[in-house]
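Coordinate inspection notes
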Amino acid sequence: MSAKDPLAGTNAPETAADPLDTVALDRPGFLKRRSIASSVAATPSGTEPVAEAPRPAPEQPADIAADGGKGEEDGRNGGGKGGKRRGQGRGKGARKGRISPEERRKKVLAKQAKRAAERLAQPQPAVLPPARPARLEKRHFGILLSLFLIVILPIAVSGWYLYARAADQYASFMGFAVRSEAGPGTSDILGGLTTSIVGMTNSSSSDTDILYKFIQSRDLVDRVDRRLGLRDIWSKAPGDPIFRFRGDDTLEDLLAEWERKVKVYYDNGMIDLRVQAFDPHDAQAIAQAILDESTQVINELNDIAREDALRYARDELDSALERLKSARQAVTEFRNRHQLVDPSADVQGQIGVVSSLQQQLAEQLVSLGLLQANAQPNDPRIEQTQLRISVIREQIRAERQKFGSESSSGELLSELVGQYETLSVDREFAERSYTAALASYDTAKADAARQSLYLAAYVKPTLAQEPEYPQRAKLMLIIGGFLFLIWVLGVLIFYSLRDRR
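Reading the values: the criteria
- Residues numbered from 1 in each chain as written.
- Predicted model: local features only at pLDDT ≥ 70, side-chain atom pairs only at ≥ 80, totals over all residues.
- Heavy atoms only, no water.
- Helix = DSSP H or I, 4+ residues; strand = E, 2+ residues; numbered from the N terminus.
- Contact = heavy atoms within 4.5 Å.
- Areas by Shrake-Rupley, 256 points an atom, 1.4 Å probe, with all protein chains shown as cover.
- Pairing = 2+ DSSP bridges.
- Axes fitted to C-alpha atoms, helices over the stretch in contact; angles between N-to-C directions.
- Salt bridge = Lys/Arg side-chain N within 4 Å of Asp/Glu carboxyl O.
- Buried < 20%, exposed > 50% of the residue type's maximum accessible area, 1.4 Å probe, protein only.
- Arc of directions from axis to C-beta.
- Phe/Tyr/Trp six-rings, centres within 6.5 Å; stacked < 30°, edge-to-face > 60°.
- Lys NZ or Arg CZ within 6 Å of the ring centre and 35° of its normal.
- pLDDT = per-residue confidence, 0-100.
- Patch = residues over 30% accessible without salt bridge, like charges linked within 9 Å, V, L, I, M, F, W, Y side chains within 5 Å.
- Lys, Arg positive; Asp, Glu negative; His and termini not counted.
- Charge placed at Lys NZ, Arg CZ, Asp CG, Glu CD.
- Expected span 1.5 Å × (residues − 1).

What follows concerns the overall build of the protein. Check the secondary structure of the protein and you find 16 helices and six strands. Partitioning the intrachain contacts of the protein with sequence separation of at least 6 by distance along the chain shows that 78% fall at a separation of at least 24. A total accessible area of about 32600 Å² is found for the protein, and carbon and sulfur atoms account for 55% of it.

Structure follows, in structure tokens:
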């Protein structure tokens with residue numbers, strides 16, 4: 001069909017329905033823009049978008065169209081006379097022939113579509129072709145095979161061995177500590193000499209360290225093996241080649257198995273042991289043997305310490321006795337040589353005589369002063385008193401000279417007094433040293449009569465009621481985690497080297 005244009009008076013060709021008519025007029029703004037973009041995108045690549053032909057104006061009555069045309073012609077004729085005349089020239093018909101809002105909206109949409117087409121017509125960056133679908137390669141099968149060989153198969157073999165072949169093991173636990181008993185305090189004149197001698201055996205910490213090393217030594221392994229036969233005990237599972245004893249008759253192989261079956265834990269002066277065997281009674285017997293041998297070692301250490309302390313005290317006593325004998329012999333020889341029992345006592349006696357004479361001299365001087373003040377100058381009592389004073393002074397002078405006089409051996413008395421005092425001090429020191437050494441020796445003998453160092457077992461060797469080892473689930477987790485970690489590292493290294501090529 002054809003529509004007649006009332007303004008042009010010609011027949012317009014029939015146009016297809018514009019897709020924008022149903023989209024742009026009845027939708028919100030953002031939907032309108034999306035519809036325009038979709039319509040532009042639907043245009044074939046490399047072709048220019050076709051602008052929409054303007055829709056014909058709706059038909060109007062002939063009289064309205066004629067009036068409108070007349071008004072437009074009058075308006076054109078009166079072009080230079082101002083806006084008022086132009087408005088009057090347009091008239092009523094011009095207002096009725098105004099463009100509708102729908103047509104204006106369509107024009108705007110057409111411009112927007114044109115601009116969008118121009119943007120799309122600009123050269124676009126090249127787009128890489130899409131990646132091909134993923135598919136299995138040879139390396140993938142190799143990785144799966146390595147997962148099976150490195151992780152799954154070893155875990156399966158380990159589980160089969162642990163649950164089908166591995167023999168049950170029983171554990172015996174034991175705990176002990178080294179205790180020391182300090183000796184009784186002794187009164188010591190020399191300020192702690194006896195205590196230092198007696199207290200030499202009270203260091204339990206070092207004894208515990210010695211015992212900890214002894215439990216892991218070849219000596220203990222050899223003693224327990226001679227007592228119980230460790231090779232036979234740890235070889236009672238012939239179907240378990242991993243956990244049983246696989247060595248020969250050498251002590252080195254037995255020591256290696258000892259380190260696997262006997263675990264020693266040392267914490268804060270206390271030692272805990274865990275002994276494993278295929279029979280609970282064997283495990284308990286090994287733990288009891290370790291306790292007995294450790295007790296014997298502690299006793300040996302205790303005996304050695306006591307013997308050392310006793311020997312040291314005896315040596316000190318002998319030395320003090322010899323020193324005391326020498327000091328007394330020196331004093332005796334001094335007395336025999338100078339014919340003096342105690343020069344200090346002789347000097348003290350002479351000092352007493354001089355003091356008495358000086359007192360008498362003072363009394364006579366006082367008497368002489370009184371006589372001279374009260375009697376006549378020729379009084380005979382004054383002469384007697386003066387004579388008595390002179391005699392006393394002469395005697396004092398004679399007594400004082402004895403201090404610096406020579407003895408029968410030709411030595412001065414003052415020097416003899418100094419020599420005697422030196423010998424007296426030496427003798428006194430020797431007597432005190434001898435007293436202290438004798439007390440130390442008596443204390444050492446008392447300590448030797450009792451045990452000052454002993455082994456206190458706070459956990460006796462236990463007898464297991466059910467097997468605890470091997471810990472199968474724990475071993476499976478450790479083996480699986482370790483193997484999986486190795487496999488992951490191998491895969492990462494493989495891909496790292498592959499990416500570098």
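This part covers the sheet that holds strand 4 (residues 262-267). Taken in spatial order, the four strands line up as 4-5-3-6 in an open sheet, and their pairing is antiparallel. Looking at which strands have only one partner, the edges of the open sheet turn out to be strand 4 and strand 6 (453-459). Across the sheet, the axes of successive neighbouring strands diverge by a mean angle of 25°, strand direction being ignored. Pairing analysis gives six bridges linking strand 3 (residues 170-180) to strand 6, with the strands arranged antiparallel. Looking at strand 6, one finds that Arg179 is bridged to Tyr454. Helix 11 (residues 251-261) contacts strand 4 and strand 5 (270-277) of the sheet and is inclined by roughly 60° relative to strand 4.

So, about the pattern of salt bridges. Scanning all chains against the criterion turns up 12 salt bridges. In this structure, Glu293 engages Arg223 in a salt bridge whose closest nitrogen and oxygen atoms are separated by 3.2 Å. Here Glu293 is found in helix 12 (residues 280-338), whereas its partner Arg223 is found in helix 9 (residues 218-228), with 70 residues between them in sequence. Residue class for Arg223 comes out buried when judged on its relative accessible area of 17%. Two residues, Lys236 and Asp282, come together in a salt bridge whose shortest N-O distance is 2.5 Å. Here Lys236 is found in the loop between helix 10 (230-233) and helix 11, whereas its partner Asp282 is found in helix 12, with 46 residues between them in sequence. Among the ionic contacts, a cluster of salt bridges with common partners joins Asp219, Arg223 and Glu293.

Further remarks concern helix 11. When helix 11 is considered as a whole, its buried residues turn out to be Leu251, Leu254, Leu255, Glu257, Trp258 and Lys261. Each buried residue of helix 11 sits inside an arc of 165° when the element is viewed along its axis, so together they form one side.

Here we take up the pairing of strand 4. As paired elements, strand 4 and strand 5 share six bridges and run antiparallel to each other. The partner of Tyr266 across the bridge, within strand 5, is Ile271. Here strand 4 folds back onto strand 5 in antiparallel fashion, the turn holding two residues, of which Asn268 has a positive phi close to 55°.

Here the focus is the packing of aromatic side chains. Applying the stated criterion across every chain yields a total of four aromatic pairs. Where Trp234 meets Trp258, the ring centres are 6.3 Å apart and the plane angle is 65°; that geometry is what we call edge-to-face. Of this pair, Trp234 sits in the loop between helix 10 and helix 11 while Trp258 sits in helix 11, and the two are 24 residues apart along the sequence. Note on accessibility: Trp234 and Trp258 belong to one class, buried. Between Phe484 and Trp487, the ring centres sit 5.8 Å apart and the planes meet at 35°, which makes this aromatic pair tilted. Linking Phe484 with Trp487, this pair stays in helix 16 (residues 472-500), spanning three residues, or about one helical turn. On the basis of relative accessibility, which here comes to 43%, the residue Phe484 falls in the partly exposed class. Between Arg472 and the ring centre of Tyr163, over which it is positioned, the NZ or CZ distance is 5.9 Å.

Summarising the model, the protein shows a mean pLDDT of 74, and 69% of its residues fall at 70 or more. Within the model, the stretch residues 1-96 combines pLDDT values under 50 with 66 contacts to residues more than four positions away or in other chains.

On to the side chain of Lys261, then. Mapped onto the fold, Lys261 is located in helix 11. Judged by relative accessible area, Lys261 falls into the buried class, the value being 2%. Those residues within four positions of Lys261 in sequence are excluded, and the remaining contacts are Gln169, Trp234, Phe243, Arg274, Val275 and Gln276.

A separate point is the environment of Asn302. Along the chain, the position of Asn302 falls in helix 12. Residue Asn302 is classed as buried on the basis of its relative accessible area, which comes to 2%. Residues Asn302 and Leu453, spaced 151 residues apart in sequence, show a C-alpha to C-alpha distance of 5.7 Å.

A contiguous nonpolar surface patch, about 930 Å² in accessible area, is contributed by Leu145, Phe148, Leu149, Ile150, Ile152, Leu153, Val157, Trp160, Phe482 and Ile486. Within the residue set of the nonpolar patch, elements represented by two or more residues are helix 6 (138-164) and helix 16. Ile150 sits in the partly exposed class, given a relative accessible area of 32%.

This brings us to the environment of Gly490. Relative to the helices and strands, Gly490 resides in helix 16. Of the residues examined, Gly490 reaches a relative accessible area of 39% and is grouped as partly exposed. C-alpha separation for the pair Gly490 and Ser146, spaced 344 residues apart in sequence, amounts to 9.3 Å.

Further remarks concern a negative patch on the surface. Taken together, the side chains of Asp315, Glu316, Asp318 and Glu322 define an acidic patch exposed on the protein surface. Considering the arrangement of structural elements, one finds Asp318 in helix 12.

This part takes up unusual backbone geometry. In the segment running from Tyr469 into Pro470, the intervening peptide bond is cis, with an omega of 0°. With respect to the helices, strands and loops of the structure, Pro470 is situated in the loop between strand 6 and helix 16.

Let us look at helix 5 (residues 101-121). In an α-helix, one turn spans 3.6 residues; hence positions three or four apart end up facing the same way. In this model, helix 5 (21 residues) spans 30 Å end to end at C-alpha, consistent with the 30 Å of a helix rising 1.5 Å per residue. Among the residues making up helix 5, those that are buried are Glu103, Lys106, Leu109, Ala113, Ala116 and Ala117. All buried residues of helix 5 project into a common sector of 135° when viewed along the axis, lining one side. Residues of helix 5 that are exposed and point over 90 degrees away from its buried face: Lys111, Lys114 and Arg119.

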